[in-house]
Every structure is written in C-alpha cells, then in structure tokens.
Amino acid sequence: MTESGTVYSIILAFLFAVAAGLVGSFALMKRMILAADVISHVALPGLGLAFLWHFNPLLGGGATLFIGTLLIWELQKNDSFSTEVSIGVVFAGSVAIGAALTPKEDLVDAFFGKFEPISGFTFVIGVLTVALIVSFIFRYKSALILNLFSPELAAATGIKLNSLNLGFLLAFSLTVLIGLR
C-alpha cells in the first residue's frame, strides 16, 4: 500500500490544488484570503477530541469545521459583522478550546500535519470531495461573481444570497479539510 498510497497522496494533492485555486480565487475577491489559515484552526477542537478518544482525526476536525462554518455563516448574516470578524470570533474560541483539549504530544501534529500515504478508500473520498467543490464553483460561478460586484443586483435577480454564502463557506471549509491531510 505504501507505493500506491504515496501515488494516491500525490494525485490527491494535485486535485486539491485545483479545488483550492478555484475556491481561493473567490476568497481573494471576497477579501477573505487569510481565512483559510484561520478556518483550519477551527478544526482543532475536533482534532483534540479525536486524539483523546482515539478515532479518525479528520472526522473530528470535519465535524468542528462544519459547526464552525455554520457559526460563521450565522454571524455573517448579521449586517454588523463582516466575514473576517465572524471568522475571527469563531477562530479565537476554537483555538482556546482546541488547545485545552488536545494532548500536548499531539498538538504539533494537529497544527502542522504530515504527508503520508493514503488508502484507496481515502483517495476515492478525497476525489469525490474535490469533484463536489469544483462542481459547486462551476455551477454557481455566475451567481458568485454577481454577488461579489453587486449583492443588490444579485438579490434582485432572485439569487438567494444567504444560501449562496453558506454554500461557498461550506466549499471553502471542505477545501480546508482536504488540505488538513
């Protein structure tokens, strides 16, 4: 498995780069480019619980990323909070909780990760996730672009901005989750 697992890891890394480039383009235009680093730390409480209870860290990290994304989305819907402020609030709480929960010997792995061979199943799940992210971006690219330049016009044309913003944040978080490996 190590040789084929290494090949799977490299292929998935290239596919991840495609997804990250597409999502990152919109993140740049939305002025949330530094959010990827911050959102990756939202996974820390889930990683800490996974290390403590000995289950797959990506499942724990994914769960807290999903919850964190929903919190960011809820805060962002309030007109007085920008995306950056929303992300910052969730980030601060996540790092504090995650640092308290994560055993010290696992903290370095949680923050920096490592490149390792993956199984065929993990590869298939990764490829499907990348396909989901890329298909979301291509399906909604016009709505995302219109929302960037004129949210009022986007709303007037019938685009549900709350749903679109949630979809983008979820695609963004899934991209971060793939990158956590």
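Residues numbered from 1 in each chain as written. Predicted model: local features only at pLDDT ≥ 70, side-chain atom pairs only at ≥ 80, totals over all residues. Heavy atoms only, no water.

**Considering the overall build of the protein chain**
1) Next: When helices and strands are counted, the protein chain shows nine helices and zero strands.
2) Next: Overall, the protein chain shows an N-to-C arrangement of helices and strands of α-α-α-α-α-α-α-α-α.
3) Next: Residue burial in the protein chain is summarised as follows: out of 181 residues, 38% are buried.
4) Next: Counting only contacts in the protein chain whose residues sit at least 6 apart along the sequence, the fraction spanning at least 24 positions is 77%.
5) Next: On the protein chain, roughly 10000 Å² of surface is accessible, and the fraction owed to carbon and sulfur atoms is 70%. (Helix = DSSP H or I, 4+ residues; strand = E, 2+ residues; numbered from the N terminus. Buried < 20%, exposed > 50% of the residue type's maximum accessible area, 1.4 Å probe, protein only. Contact = heavy atoms within 4.5 Å. Areas by Shrake-Rupley, 256 points an atom, 1.4 Å probe, with all protein chains shown as cover.)

**Re the side chain of Ser94**
1) Next: Position of Ser94 among the secondary structure elements: in helix 5 (residues 83-101).
2) Next: When sequence neighbours within four positions are dropped, the list of residues in contact with Ser94 reads His41, Val42, Leu44 and Pro45.

**Considering the packing of aromatic side chains**
1) Next: Evaluated as defined, the whole model comprises three aromatic pairs.
2) Next: Arranged with centres 4.6 Å apart and planes meeting at 15°, the rings of Tyr8 and Phe123 form a pair that is stacked. Highlighted residues: Tyr8 in helix 1 (residues 2-29) and Phe123 in helix 7 (residues 120-149), separated in sequence by 115 residues.
3) Next: When the centroid spacing of 6.1 Å and the interplanar angle of 40° are considered together, the rings of Phe168 and Phe172 count as tilted. Separated by four residues within a single helix, Phe168 and Phe172 lie in helix 9 (residues 161-179), roughly one turn from each other. Like Phe172, Phe168 is buried. (Phe/Tyr/Trp six-rings, centres within 6.5 Å; stacked < 30°, edge-to-face > 60°.)

**Some remarks on the confidence of the model for the protein chain**
1) Next: Per-residue pLDDT for the protein chain averages 83, and the proportion of residues at 70 or more is 86%.
2) Next: Confidence, expressed as mean pLDDT per element, reaches its minimum in the protein chain at helix 6 (residues 104-112) with 62 and its maximum at helix 7 with 93. (pLDDT = per-residue confidence, 0-100.)

**Let's talk about unusual backbone geometry**
1) Next: Even without a glycine there, the phi angle at His54 is positive, about 55°.
2) Next: Considering the arrangement of structural elements, one finds His54 in the loop between helix 3 (44-53) and helix 4 (57-77).

**Quick look at the side chain of Ser173**
1) Next: With respect to the helices and strands, Ser173 occurs in helix 9.
2) Next: When its relative accessible area of 5% is taken as the criterion, Ser173 is described as buried.
3) Next: Apart from the residues lying within four places of it in its own chain, the contact partners of Ser173 are Ile39, Leu65 and Thr69.

**Here's the deal with helix 3**
1) Next: Here helix 3 has its buried residues at Leu44, Pro45, Gly46, Leu47, Gly48 and Ala50.
2) Next: One or two steps after helix 3, the chain reaches His54, where phi turns positive at roughly 55°.

**What to know about helix 4**
1) Next: Here helix 4 is 21 residues long and its end C-alpha atoms lie 30 Å apart, about the 30 Å a rise of 1.5 Å per residue gives.
2) Next: Residues Gly60, Gly61, Gly62, Thr64, Leu65, Gly68, Thr69, Ile72, Trp73 and Gln76 constitute the buried set of helix 4.
3) Next: Two or three places before Leu58, at the opening of helix 4, Asn56 has a side-chain oxygen 2.9 Å from that residue's backbone nitrogen. (Expected span 1.5 Å × (residues − 1). Polar contact = N/O pair within 3.5 Å; in protein donor to acceptor, adjacent residues only side chain to side chain.)

**Remarks on the environment of Val90**
1) Next: Note that Val90 resides in helix 5.
2) Next: Between the C-alpha atom of Val90 and that of Leu75, which follows or precedes it by 15 residues, the distance is 9.3 Å.
3) Next: Excluding residues within four positions of it along the chain, Val90 makes contact with Val42, Gly68, Leu71, Ile72 and Leu75.

**Some details on the nonpolar core**
1) Next: Residues Met32, Ile39, Ile137, Leu144, Phe168 and Phe172 are the most contacted members of the largest nonpolar core, which totals 32 residues.
2) Next: Among the secondary structure elements, those contributing two or more residues to this core are helix 1, helix 2 (35-42), helix 4, helix 5, helix 7 and helix 9. (Core = buried A, V, L, I, M, F, W, Y, C linked by side-chain atoms within 4.5 Å.)

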